[in-house]
Amino acid sequence: MNTTARLPAHGRYAGAVVLLGALSACANMANTLPGTSLADVEAKFGRPTLTCPAPNDALRVVWSQQPMGQYAWGTVADRAGNTNHITQLLTDQHFELLAKGTWTPQQVRCEFGPPAEIATVGLPSVTQIVWSYRYRQAGAWNSLMYVYFGQDGQKVTRFHPGPDPMFDVDSFPWF
């Protein structure tokens, strides 16, 4: 006899509807017209998770659902406070930026937002700092993008996706 408590089907469906509603509200962020004032974007979607200085007295602005969500959006606001195109940041295509040039932790944070997790991996003589970003790989799979900063933690040395254990149903007996 299985004594594991299970959520009733209607409870699971209600949770899914609430989650989809929250995601669809945020998904509209990418539909914001370029040139919209940052104040108007904040009034509609809330304060950004983080801001960083950008060239020409501009401001890099990121709204992130990390550590538990799978989406983040970013834009640049010019000196006058007007935004350019707001883009979804946690995508396979956007992560490919990491393959070009040298990326410091501050640059990664300003481009993608804060990571879901920061860990140290490896043997004691070759430990590396790894930032993990939750995202939907190829728009379909619950994944983490692992960004490695090497032994000194000063620059990205590699990155790759992997399955997100948070969504491993076998780990959650109540489903």
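In what follows, the accompanying structure is described. (Residues numbered from 1 in each chain as written. Predicted model: local features only at pLDDT ≥ 70, side-chain atom pairs only at ≥ 80, totals over all residues. Heavy atoms only, no water.)

1. Details of the sheet that holds strand 6 (residues 128-137)
- Ordered in space as 5-6-7-8, the 4 strands form an open sheet in which the pairing is antiparallel. The sheet is open, and its two edges are formed by strand 5 (117-121) and strand 8 (158-163), each paired on a single side. If you compare each strand with its neighbour and ignore which way they point, the axes differ by 30 degrees on average.
- Bridging between strand 6 and strand 7 (residues 141-148) involves 8 bridges; their strand directions are antiparallel. Residue Arg136 lies in a different strand from strand 7, and its bridge partner there is Asn142.
- Along the sheet face, helix 4 (residues 105-112) touches strand 5 and strand 6 and points at about 15 degrees away from the line of strand 6. (Pairing = 2+ DSSP bridges. Helix = DSSP H or I, 4+ residues; strand = E, 2+ residues; numbered from the N terminus. Axes fitted to C-alpha atoms, helices over the stretch in contact; angles between N-to-C directions. Contact = heavy atoms within 4.5 Å.)

2. Some details on the packing of aromatic side chains
- Across all of its chains, the model carries 7 aromatic pairs by this definition.
- Relative to Phe112, the ring of Trp103 has its centre 6.3 Å away and its plane inclined at 45 degrees; by these criteria the two rings are tilted. Of the two residues, Trp103 and Phe112, neither departs from the other in class, the shared state being buried.
- One aromatic cluster is present, formed by Phe95, Trp103, Phe112, Tyr133 and Tyr135 through successive ring pairs.
- Taking the ring centre of Tyr148 as reference, the NZ or CZ of Arg158 above it sits at 3.8 Å. (Phe/Tyr/Trp six-rings, centres within 6.5 Å; stacked < 30°, edge-to-face > 60°. Buried < 20%, exposed > 50% of the residue type's maximum accessible area, 1.4 Å probe, protein only. Lys NZ or Arg CZ within 6 Å of the ring centre and 35° of its normal.)

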